[in-house]
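Single-letter residue listing:
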Amino acid sequence: MALRSLVNGSLFAEAIGVGQPRVLALHGWGRRGSDFAHSLASIGALAMDLPGFGATPPPAEPIGAREYARLLLPVLDEFSDAPLVVGHSFGGRVGVCLAAEYPHRVAGLLVTGAPLLRLGSPRRPPLAYRFARSLNRHGVLGDSVIESMKRRRGSADYRAATGVMRDILVKVVNEEYRDELASLVTPIHLLWGADDDEVPVAVAQEAERLVNESGGEATLQVVEGVGHHFPIQDPDTLRAAVDSLLK
């Protein structure tokens with residue numbers, strides 16, 4: 001495995017295996033391409049460090065998964081044939097956008113643990129937080145107090161993110177990809193951990209239904225005893241799914 005510079009040094013990826021790459025792997029939020037070192041060993045693959053993670057510098061401004069997909073378009077020139085795109089969590093969001101926007105550049109999708117859809121109505125912030133934001137807007141409450149409240153109620157990813165990456169995280173968690181899923185002509189295999197408590201299996205079931213009812217091709221495989229971090233927790237099953245899709 002070796003780190004490669006791509007697109008004039010603006011992107012970096014782990015080159016895994018030997019020969020011409022056949023797989024483009026996209027990691028989850030806060031992770032990096034090395035997550036796929038085991039599952040893609042001996043398969044020619046490029047496992048990206050997505051912008052803002054690992055060796056790749058962050059974007060200049062807050063962007064969403066669709067814009068991340070457009071940043072990756074030049075990477076597809078590294079493949080002699082359209083690759084299989086494997087995406088975990090945030091990388092799955094980007095992979096679906098990439099296949100939806102550039103359908104003839106992606107041969108297939110394998111997505112795991114990706115929050116592609118929102119189920120139910122979004123929860124409103126607590127009343128105390130909404131009241132504090134109102135006071136902040138009117139200059140009564142300082143920004144440091146609001147920041148402290150955000151950090152207390154925010155996710156671990158939110159607390160760890162800073163600068164533009166925090167703004168990107170806020171943007172991305174408010175996105176969903178219903179239109180992209182409905183327009184997919186690329187086959188998608190949804191590989192989910194039954195114990196995923198960050199993105200429940202119900203999200204994958206709804207994505208599968210939406211794709212198939214829209215005329216696309218989606219399959220769902222649920223694996224017992226696996227949680228959200230599928231590439232780390234069960235790389236062998238992920239590898240078997242990749243092998244099957246590459247045949």
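The structure presented is a predicted model; accordingly, all values stated were derived computationally and were not measured.

Cut-offs and rules
Numbers given for residues are sequential positions, taken from 1 along each chain in its written order. Local features in a predicted model are, by the rule used here, given only for residues with pLDDT of at least 70; side-chain atom pairs are given and counted only at 80 or more, and totals for whole chains, interfaces and linings are based on all residues. Values reported for side chains reflect all heavy atoms of the structure, with hydrogen atoms and water molecules removed beforehand. Labels follow the DSSP assignment, with helices taken as runs of H or I lasting at least four residues and strands as runs of E lasting at least two, numbered in each case from the N terminus. For every residue, the accessible area obtained with a 1.4 Å probe (protein chains only) is divided by the maximum for its type, and the residue is called buried under 20%, exposed over 50%, and partly exposed between those limits. Contact between two residues is taken to exist if any of their heavy atoms lie within 4.5 Å; hydrogens are not considered. In this description, accessible areas are obtained by the Shrake-Rupley approach with a 1.4 Å probe, and a residue is regarded as covered only by the protein chains that are shown. Here a salt bridge means any side-chain nitrogen of Lys or Arg lying within 4 Å of a carboxyl oxygen belonging to Asp or Glu. Strands are treated as partners if at least two bridges between them are detected by DSSP. Every angle, taken between N-to-C directions, lies between 0 and 180 degrees, and every axis is a line fitted to C-alpha atoms, over only the stretch in contact when it is a helix. Two kinds of site are reported from a 1 Å grid over the protein atoms alone, namely cavities, where a 1.4 Å probe fits but cannot get out, and pockets, open sets with protein on both sides within 12 Å along at least five of seven lines, and residues are called lining when an atom falls within 4 Å of a point. Grid points are joined across faces, edges and corners, and a volume is the space filled by probe spheres set on the points. The nonpolar class holds Ala, Val, Leu, Ile, Met, Phe, Trp, Tyr, Cys and Pro. Asp, Glu, Lys and Arg form the charged class, and all remaining residues, Gly among them, are polar. Here a Phe, Tyr or Trp ring, Trp counted by its six-membered ring, pairs with any other such ring whose centre lies within 6.5 Å, and the pair is stacked when the planes are under 30 degrees apart, edge-to-face when over 60, and tilted otherwise. Definition used: whenever NZ (Lys) or CZ (Arg) falls within 6 Å of the ring centre and also within 35 degrees of the ring normal, the charge is taken to sit over that ring. Helices are assigned an expected span. That span is 1.5 Å times one less than the residue count. Arc definition: directions from the helix axis to the C-beta atoms. Residues qualify for a patch when their relative accessible area is over 30% and they have no salt bridge, like charges being joined within 9 Å and the nonpolar side chains of Val, Leu, Ile, Met, Phe, Trp and Tyr within 5 Å. We treat Lys and Arg as the positive residues and Asp and Glu as the negative residues; His and chain ends play no part in the count. Every charge is mapped to an atom, namely NZ of Lys, CZ of Arg, CG of Asp or CD of Glu.

A.B. asks: Explain the overall build of the chain here, please?
C.D. replies: If you tally the helices and strands in the chain, you get 10 helices and 8 strands. By the burial criterion, 46% of the 247 residues in the chain qualify as buried. Pairs at least 24 apart in sequence give 69% of the contacts found in the chain among residues at least 6 apart. Carbon and sulfur atoms provide 50% of the accessible area of the chain, an area that totals close to 11,600 Å².

A.B. asks: Is there a simple way to explain the pattern of salt bridges in this structure?
C.D. replies: Between side chains of opposite charge, a pair can form as their charged atoms come close. Across all of its chains, the model carries 13 salt bridges by this definition. Arg32 is paired through a salt bridge with Asp49; the nearest N and O atoms lie 2.8 Å apart. In this pair, Arg32 is assigned in the loop between β3 (23-26) and β4 (45-49) and Asp49 in strand β4, connecting sequence segments 17 residues apart. Among the salt bridges present, the one from Arg66 reaches Glu175, with a minimum N-O distance of 3.7 Å. Of this pair, Arg66 sits in helix α1 (residues 65-72) while Glu175 sits in the loop between α6 (163-173) and α7 (178-183), placing them 109 residues apart in sequence.

A.B. asks: Would you explain the sheet that holds strand β8 (residues 218-223) in this entry?
C.D. replies: Strand-to-strand pairing in sheets goes through backbone hydrogen bonds, with the strands running parallel or antiparallel. An order of β1-β2-β4-β3-β5-β6-β7-β8 is seen for the 8 strands of this open sheet, with the pairing classed as mixed. Of all strands in the sheet, those bounded by a partner on one side alone are β1 (2-6) and β8. Each adjacent strand pair in this sheet contributes to an overall mean axis angle of 25 degrees, direction not counted. Pairing of strand β6 (residues 108-112) with strand β7 (residues 188-193), which is carried by 3 bridges, proceeds in the parallel orientation.

A.B. asks: What is the right way to read the layout of surface pockets from this model?
C.D. replies: Left-over empty space is what a probe sized like a water molecule reveals as it rolls over the atoms. As a volume, the second largest pocket reaches approximately 190 Å³. Looking at the second largest pocket, the residues that line it are Arg22, Leu84, Ala107, Gly108, Leu109, Pro187, Ile188, His189, Glu217, Thr219, Leu245 and Leu246. For the lining of the second largest pocket, the elements supplying multiple residues, two or more each, are β6, β7 and α10 (235-246). Partitioned by chemical class, the residues of the lining of the second largest pocket number 7 nonpolar, 3 polar and 2 charged.

A.B. asks: Explain the packing of aromatic side chains here, please?
C.D. replies: Aromatic rings in a pair are described by how distant their centres are and how their planes are angled relative to each other. A complete count under the given rule lists 3 aromatic pairs for this structure. The interplanar angle of 80 degrees and the centroid separation of 4.8 Å between the aromatic rings of Trp29 and Phe53 together place this pair among those described as edge-to-face. On the criterion of sequence distance, the pair formed by Trp29 in the loop between β3 and β4 and Phe53 in the loop between β4 and α1 is long-range, its members being 24 residues apart. On the basis of relative accessibility, which here comes to 13%, the residue Trp29 falls in the buried class. Taking relative accessible area as the criterion, Phe53 reaches 8% and is therefore assigned buried. Taken together, Trp29, Phe53, Tyr68 and Phe90 form an aromatic cluster joined through their ring pairs. Sitting over the ring of Tyr158, Arg166 keeps its end group 4.2 Å from the ring centre.

A.B. asks: Quick question: what am I supposed to make of the environment of Leu40 here?
C.D. replies: Along the chain, the position of Leu40 falls in the loop between β3 and β4. Distance in space between the C-alpha atoms of Leu40 and Pro231 is 9.6 Å, their sequence separation being 191 residues. Ignoring any residue separated from it by four or fewer positions in sequence, one finds Leu40 in contact with Ile16, Val23, Ala25, Ala45, Arg239 and Val242.

A.B. asks: What's the story with helix α8 (residues 201-213) in this structure? I'm lost.
C.D. replies: Its 13 residues give α8 an end-to-end C-alpha distance of 18 Å, which sits within 8% of 18 Å, the value for a rise of 1.5 Å per residue. All of the buried residues along α8 are Val201, Val203, Ala204, Ala207, Leu210 and Val211. In this structure, the buried side of α8 is in contact with α7, β7 and β8. Once α8 finishes, Gly215 follows within two positions and takes phi at roughly 95 degrees, a positive value.

A.B. asks: What am I meant to see in α1 here?
C.D. replies: It helps to recall that an α-helix has 3.6 residues per turn; residues three or four apart then point in one direction. Here α1 has its buried residues at Ala65, Tyr68, Ala69 and Leu72. Around the axis of α1, the buried residues are gathered within 100 degrees of arc, so they sit on the same side. Each element contacted by the buried residues of α1 is listed here: β2 (11-16), β3, β4, α2 (90-101) and α6.

A.B. asks: Would you mind showing me how to read a negative patch on the surface here?
C.D. replies: Together, Asp157, Asp195, Asp197, Glu198 and Glu224 make up a negatively charged patch on the protein surface. Checked against the element boundaries, Glu224 lands in the loop between β8 and α9 (230-233). Residue classification places Glu224 among the exposed residues on the basis of a relative accessible area of 64%.

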